[in-house]
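Understanding the architecture of this molecule
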Amino acid sequence: MRFRLRFLLQEIDLSPGVTVLGRSPTCHVTLDDPLVSREHAQLTVRGSRVTVEDLGSRNGTLVNGDKLTSVHELRDGDRVRLGTQELVFYHLDDSERGAGRATGFMTRCAACGVPYPAEAGTCPNCGSDHRVEDDTVSGVVGATEQNWTLQLLIEVLQRAETVNRTEDVERLLERARANIEGRLAANHHVAPEHLDAVAVSASRLARRLGQARWGRWALDVFAAANRLPPAVVSAELTTLPPEAQHELRGSIERILAEVTEESAERRQALSRLAADPGA
């Protein structure tokens, strides 16, 4: 019997003894995630038994959605979550599983939800190389309406905002942007509350940086979704320097002219943003 851990595009065999997982490059498995502690958790292989234990991490370790409070024995197919990273644990039998995936296996893009052949390497729709870690026995994965990836990104994004980690906020926004744009391009649903939450974070980052880039993106994605941005987004963007606000004019005019959603509060807030800041 052998044991394997799968995450993102990697699969590693677990050797007898302890395997430490965390953000530190000295860990056996390093995870680049701001919510993962430097030494977050450890897996221990002793004979035919594999256990997982949290190492006092800041955000905890979950197995199949339940937070660990003690040493836990893993079973085949268990999902171990550290921060935003989900790792899948397998018992391996050489007669059943090879060292890698056979060609023809279908995976699903974690950014936009589109299924594609695993051997392609990157998503043909949005270019992301992040894959959803939930395959089926047949190897065929379908798109899902419930966008768990985006929901989790939003939770991490809001925590990063709370502790003023601007670099992490921007990196997480890039991932959320790829997710939203990919789903819209594939005509998949983006929940209004998810779109609103990401747009609020984007407008706050625009204010913090004093630049139009993230504000313009937020406005453009609302235009693509045929929705009006929340009033708080418009309010945040009115604090930008006048030259940055001018860069938003085209996006604002597009929304006011094309979006059919009825919301007096949102439309009025956007109209105020459209007013010349120098007036």
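Read on for a plain summary of the structure. Here the residue index of a chain counts from 1 through its sequence in written order. Thresholds applied to this predicted model are a pLDDT of at least 70 for local features of residues and 80 or more for the giving and counting of side-chain atom pairs; totals over whole chains, interfaces and linings are not thresholded and use all residues. With hydrogens and water set aside, each side-chain value is computed from the structure's full complement of heavy atoms.

1. With respect to the packing of helix α4 (residues 213–224) against helix α7 (residues 249–258)
Any two packed helices are characterised by the angle at which their axes cross and by the distance between the axes. Here is the rule we go by: Here, axes are lines fitted to C-alpha atoms. For helices the fit covers the stretch in contact, and angles between N-to-C directions go from 0 to 180 degrees. Secondary structure elements follow DSSP: runs of H or I of four or more residues count as helices, runs of E of two or more count as strands, with numbering from the N terminus. These descriptions rest on fixed angle ranges, namely under 35 degrees for roughly parallel, over 145 for roughly antiparallel, 65 to 115 for roughly perpendicular, and the rest for oblique. By definition, any crossing whose near helix is turned counterclockwise from its far helix by less than a right angle is left-handed, and any crossing with a clockwise turn is right-handed. Pairs of residues are marked as contacts when any of their non-hydrogen atoms sit within 4.5 Å.
The geometry of α4 relative to α7 is characterised by a closest axis approach of 9 Å and an angle of 20 degrees between their N-to-C directions. As the angle between them shows, α4 and α7 are arranged roughly parallel. Crossing handedness for the pair α4 and α7: left-handed. Contacts from R216, L219, D220, F222, A223 and A224 in α4 reach S251, I252, R254 and I255 in α7.

2. Section: the side chain of T51
As a reminder, the rule being used: Remark: exposure states derive from per-residue accessible area (1.4 Å probe, protein chains only) relative to the maximum for the residue type, with buried under 20%, exposed over 50%, and partly exposed in between.
Structurally, T51 is set in strand β6 (residues 49–54). Accessibility expressed as a relative area gives 7% for T51, which makes it buried. In this structure T51 touches Q42, L43, T44, V71, H72, E73 and L74, once residues within four positions along its chain are discounted.

3. Some thoughts on unusual backbone geometry
A positive phi angle, near 55 degrees, is found at N64, a position not held by glycine. For N64, the location among the structural elements is in the loop between β7 (61–63) and β8 (66–67).

4. Describing a positive patch on the surface
Rules: Patches in this entry comprise residues that are over 30% relatively accessible and not in a salt bridge; like charges within 9 Å are linked, as are nonpolar side chains (Val, Leu, Ile, Met, Phe, Trp, Tyr) within 5 Å. Areas reported here follow the Shrake-Rupley algorithm with a probe of radius 1.4 Å; residue values treat only the protein chains shown as occluding. Criterion for a salt bridge: a side-chain nitrogen of Lys or Arg within 4 Å of a carboxyl oxygen of Asp or Glu. Residues scored as charged are limited to Lys and Arg (positive) and Asp and Glu (negative), so that His and the chain ends carry no count. Charge placement uses NZ in Lys and CZ in Arg. For Asp and Glu, CG and CD serve respectively.
Residues R23, R38, R58, K67 and R159 make up a contiguous surface patch of positive charge. With respect to the element layout, K67 can be found in strand β8. The exposure class assigned to K67 is exposed, which follows from its relative accessible area of 55%.

5. Some points on the packing of helix α2 (residues 166–185) against helix α3 (residues 192–209)
This is how it is decided: Residues are grouped as follows: nonpolar covers Ala, Val, Leu, Ile, Met, Phe, Trp, Tyr, Cys and Pro; charged covers Asp, Glu, Lys and Arg; every other residue, Gly included, is treated as polar.
Running from N to C, α2 and α3 cross one another at 140 degrees; their axes reach a closest spacing of 10 Å. Viewed along their axes, α2 and α3 adopt a mutual orientation that is oblique. Along this stretch, α2 crosses α3, giving a crossing that reads as left-handed. Taking contact as the criterion, the partners of T166, V169, E170, L173, A176 and I180 in α2 are, on α3, L195, V198, S201, A202, L205, R208 and L209. Grouping the amino acids of the contact of α2 with α3 by side-chain chemistry returns 9 nonpolar, 2 polar and 2 charged.

6. Points about the sheet that holds strand β9 (residues 72–73)
Our working definition: The rule for pairing is simple: two strands pair if DSSP sees at least two bridges between them.
Across the sheet, which stays open at both edges, the 5 strands sit in the order β4-β3-β5-β6-β9 with mixed pairing between neighbours. Two strands bound the open sheet, and with one partner strand each, they are β4 (29–30) and β9. Here strand β3 (residues 17–22) runs beside strand β5 (residues 41–46); their pairing, made up of 5 bridges, is antiparallel. Looking at β5, one finds that L21 is bridged to A41.

7. Overview of the environment of A269
Looking at the element boundaries, A269 is found in helix α8 (residues 264–274). By relative accessible area, which is 5% here, A269 ends up buried. Between the C-alpha atoms of A269 and S234, which are 35 residues apart in sequence, the distance is 5.8 Å. Look past the residues within four positions of A269 in its chain and what remains in contact with it is A231 and S234.

8. Describing the pairing of strand β11 (residues 85–92)
Judged by how many residues are buried, β11 sits mostly within the fold: 6 of 8 residues are covered. Sheet topology places strand β1 (residues 2–7) next to β11; 5 bridges connect them, and they run antiparallel. Residue pairing across strands places L5 opposite F89, the latter belonging to β11. Here 4 bridges tie strand β10 (residues 79–82) to β11, and the two strands are oriented antiparallel to one another. Paired with R81 across the two strands is E86, which belongs to β11. From the end of β10 to the start of β11, which pair antiparallel, there are 2 residues, and G83 there has a positive phi angle of about 60 degrees.

9. A short note on the pattern of salt bridges
The full count for this structure, using the stated rule, is 16 salt bridges. Between R213 and E174 there is a salt bridge, and its shortest N-O distance comes to 2.4 Å. Taken together, the residues R213 in helix α4 and E174 in helix α2 connect sequence positions 39 residues apart. Its relative accessible area of 34% is what places R213 among the partly exposed residues. Close ionic contact of R204 with E236 constitutes a salt bridge, the shortest N to O distance being 3.9 Å. Placement of R204 in helix α3 and of E236 in helix α5 (residues 231–237) is noted, with a sequence separation of 32 residues between them. Under the relative-accessibility criterion, R204 is labelled partly exposed at 32%. Put simply, E170, E174, R177 and R213 are held in one network by salt bridges that share partners.

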